[in-house]
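# Fold and contact review
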Amino acid sequence: MLLRPACRALGASSPLRAALALRRPLERGLHSYQIARAATATASDPSIATTKRSAAEAPPFVASLLLSKETQITTLPNGLRIASQDAPGHFVAVGVYVDAGTRYESDEMTGCSHVLDRTSFKSTQKYTTEELVQQLESLGGNVVAHSSREAIMYQGAVFRHDLDKMVEIFGEVIRRPRLNPEEMDDTRQTTLYEIQDLSVRPDMMLPEYVHATAFRREDNSPDTLGRPLLCPVSSLETMTPALLHRYREIWYTPERIVVAGIGMDHQMLVDLAKREFGDMPPVTSEIKAAQAALTKPARYVGGIDIIDTKDQPPSANPDDRPLTHIYIAFEALSMSDPDIYALATLTSLMGGGGSFSAGGPGKGMYTRLYTQVLNRYHWVESCNMVNFSYLDAGLFGIQAAVPPSPEAHAQIIPILCDQLLRMTTEIGPQELSRAKNQLKSSLLMSLESKVVELEDVGRQVMVHGKRLGVQEMCARIEALTAEDLKRVARRVILGHDVPSPLDYGDAAQKPWVRTGDGRATVVVQGPIFEGDAMLEMEKHLRDWRMGKNNNSDNPAAAASSTASGGRKWGMGRFKL
């Protein structure tokens, strides 16, 4: 267990565990591309029965979607892929997706993904920064660039007649950036301001702390999925144009790039992509070797990280309430595991939110964390599920914020453990139906936006070469049973390593294989008191048999005993 004081500011002397930038939806919530790779193959163990489920079982409300046109995909001779989906409207959406991101960075290149994101629309060989900004403003659309753990994206929504210009600009900023030293200085200042702003926001920082604790090396430095989304200050100060060019040389190769579009003729997009990217040389053996050396599988470690803020000065904002934040997470499924749909539905069923909400039933007020935690324990400020899915691993767990007091610290731990264990044994038919409907409606409504659908197309084609339609995803969600949700909860929370029996007949399936010993990842931020319950977190997890490492003796008995033992905690016992 690591106990450390809170950082008052993020300076050069303090390594940055970067905050999660919520200006992009990629790493938060459920989006169709996050579960689209849940295509499955028969389990390797022949003794395990499989359940065939297909889109033929689609409910009536998605039947009309079956008539929608399939996504068209073209591959250029150099390996670059172009994907498009027809859609009506005055605007079109176009984007370029690069198979890169922070998980592929080396120690030397830490922060390059984020800095390239911030320098996206600076000067190129054809345009100065001022000219490029004028060109973008004249389009009257919405143009963004952002990076994540597993992708760097450039997206724009413009009028149809501006598609040609938008693709040209993307070709310039992606292939021919100047990365002048003078502009690097400006980028350092703006990026430093962004880091300092996010460093005082626990809702931004703590998910990053969870990743860094979960995926780290033996020396506790973050690795692969634990690497920060934002550039550490120490790396930012030493970042050079030459290093950025080297990063681009390794990862910006045509076979790792997808040009995607929504709302235009496919052949038109192919012609524009050929013009801007068709002459990119194929990847060389030297670059392939460099990519292979940096493409490491995620390795989950887990552990406990307690950040003591007792000596931290109070916030300058009088409206800020001091709170203790706690995250309990476990190694979870990759996007390609068939149970990813069950895990997403379980997240929807549990839901959560804050102590105050202006929403109604459609905003999650009937989810389990609302009815069993927030409505029963008025002193709990917020309680939510957390679910992050990546190519070969994931994180799943629960989060809460409570008043900083020894009583609250002692009482929130069993409440959270109780909720985690209830998922393994108790799934009611009404809450299951509600969760599936909420998840399906979220998918369908989000894809009404062309920009969201664009990202869906680009990401799916980038990670597995095709797009799984929303109608198929809705059918897979609808076919789930309560036993499916309880089974996946036992896989993640209790460490029952039984492959999914579900079979959707999709060759892209790749069942998830656990990489760690199943221990939990716990991050606590708040003032720590003498004899604080948070200091005994390892004992609490062991008593509640949280994680595979605490259930290795008899998993079946553990599931039964912990579930029955946990029920006594959740029924209004805790009062402040």
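Let me begin by describing the structure that accompanies this report. (Residues numbered from 1 in each chain as written. Predicted model: local features only at pLDDT ≥ 70, side-chain atom pairs only at ≥ 80, totals over all residues. Heavy atoms only, no water.)

### Here's the deal with the overall build of the protein chain
On a plain count of helices and strands, the protein chain comes out with 19 helices and 15 strands. Residue pairs at least 24 apart in sequence account for 81% of intrachain contacts in the protein chain once pairs closer than 6 positions are excluded. As displayed, the protein chain has an accessible area near 23,000 Å², and 53% of this comes from carbon and sulfur atoms. (Helix = DSSP H or I, 4+ residues; strand = E, 2+ residues; numbered from the N terminus. Contact = heavy atoms within 4.5 Å. Areas by Shrake-Rupley, 256 points an atom, 1.4 Å probe, with all protein chains shown as cover.)

### Thoughts on the environment of M473
For M473, the position within the fold is in helix α16 (residues 470-478). Taking the C-alpha atoms as reference, M473 lies 8.3 Å from K440; in sequence the two are 33 residues apart.

### Digging into the nonpolar core
Core analysis: the biggest nonpolar cluster contains 69 residues, and I328 and I412 have the highest contact counts within it. When sequence neighbours within four positions are dropped, the list of residues in contact with I412 reads W379, V380, A400, V402 and M534. With 56 residues, the next largest nonpolar core counts L76, V96, V158 and L269 among its residues. (Core = buried A, V, L, I, M, F, W, Y, C linked by side-chain atoms within 4.5 Å. Buried < 20%, exposed > 50% of the residue type's maximum accessible area, 1.4 Å probe, protein only.)

### Digging into the pattern of salt bridges
Pairing is possible between side chains that carry opposite charge, provided their charged atoms lie close to one another. If you walk through the whole model with that rule in mind, you get 42 salt bridges. Measuring nitrogen to oxygen at the nearest pair gives 2.8 Å for the salt bridge that ties D418 to R422. One end of the pair is D418 and the other is R422, both in helix α13 (residues 406-422) and four residues apart, which spans about a single turn. Of the residues examined, D418 reaches a relative accessible area of 1% and is grouped as buried. (Salt bridge = Lys/Arg side-chain N within 4 Å of Asp/Glu carboxyl O.)

### Focus: the state of the cysteines
All chains considered together, the criterion is met by zero disulfides. Free cysteine: C112, not disulfide-bonded; nearest cysteine sulfur from C231 at 7.5 Å. Here C112 falls in the buried class, since its relative accessible area comes to 0%. (Disulfide = S-S within 2.5 Å.)

### Description of the environment of H245
The topology assignment puts H245 in helix α8 (residues 241-251). Judged by relative accessible area, which is 30%, H245 ranks as partly exposed. As for H245 and P177, which are separated by 68 residues in sequence, their C-alpha atoms are 9.0 Å apart. Excluding residues that lie within four positions of it along the chain, H245 makes contacts with P177, R178 and L179.

### Thoughts on unusual backbone geometry
Leave glycine aside and you will find that most residues have negative phi; peptide bonds, for their part, are mostly trans. A positive phi is found at N220, a non-glycine position, where the angle reads about 75°. Inspection of the secondary structure assignment puts N220 in the loop between α6 (202-214) and α7 (233-238). Taking relative accessible area as the criterion, N220 reaches 48% and is therefore assigned partly exposed. One non-glycine residue with positive phi stands out, namely T224, at about 45°. Within the element layout of this structure, T224 appears in the loop between α6 and α7.

### Some remarks on the packing of aromatic side chains
Per the stated rule, a full pass over the model turns up five aromatic pairs. With a centroid separation of 6.0 Å and 50° between ring planes, the pair formed by Y377 and W379 is classed as tilted. Taking NZ or CZ as reference, R248 lies 5.3 Å from the ring centre of Y252, over its face. Above the plane of the ring of Y104 lies R256, whose end atom (NZ or CZ) is 5.6 Å from the centre. (Phe/Tyr/Trp six-rings, centres within 6.5 Å; stacked < 30°, edge-to-face > 60°. Lys NZ or Arg CZ within 6 Å of the ring centre and 35° of its normal.)

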